[in-house]
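For reference, the chains in residue letters:
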Amino acid sequence: MAQFTPDGKKIKMFKIKPLEIKNMPLPISTPFIKLDSALKFSGVAETGGHAKMLVEEGSIRVNGVTCLVRGKKLYPGDNFEYRNERFTIEAVTDSNEAE
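A brief look at the structure comes next. (Residues numbered from 1 in each chain as written. Predicted model: local features only at pLDDT ≥ 70, side-chain atom pairs only at ≥ 80, totals over all residues. Heavy atoms only, no water.)

This brings us to the side chain of Ser-42. Here Ser-42 shows up in helix H1 (residues 35–42). Look at Ser-42 and you get buried, because its relative accessible area is 19%. Separated by 3.0 Å, the side chain of Ser-42 and the backbone oxygen of Leu-39 make a polar contact. With near-sequence residues (within four places) excluded, Ser-42 lies in contact with Leu-26, Phe-80 and Phe-87. (Helix = DSSP H or I, 4+ residues; strand = E, 2+ residues; numbered from the N terminus. Buried < 20%, exposed > 50% of the residue type's maximum accessible area, 1.4 Å probe, protein only. Polar contact = N/O pair within 3.5 Å; in protein donor to acceptor, adjacent residues only side chain to side chain. Contact = heavy atoms within 4.5 Å.)

Below, the structure written as structure tokens:
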């Protein structure tokens, strides 16, 4: 349905494409990683202070929910998002342990 301004001009409507989220693995060799460390390790944050700021302002989503806890423990299978990037925590085992 067309929309018009009060003076009768037709308003142009634009379709907005949803952002494509890039999925990237974040391999860890420990049982868990804290969110602020994961932000630094992934390159999302340059420093611990930057990571703290991103979390406190609500810019980070963990498993689809905004997270305000920078020390939240992330386990393999968990993911976090910032802008259009999603990082999934993956467990990496040392190949020497299998021998």
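Quick look at the sheet that holds strand E3 (residues 22–28) now. Strand order across the open sheet formed by five strands is E3-E9-E8-E5-E6, with mixed pairing between neighbours. Edge strands, defined here as strands with exactly one partner in the open sheet, are E3 and strand E6 (65–66). Judged from the seven bridges that link them, E3 and strand E9 (residues 85–91) form a sheet pairing that is parallel. Of the residues in E9, the one forming a bridge with Asn-23 is Arg-86. (Pairing = 2+ DSSP bridges.)

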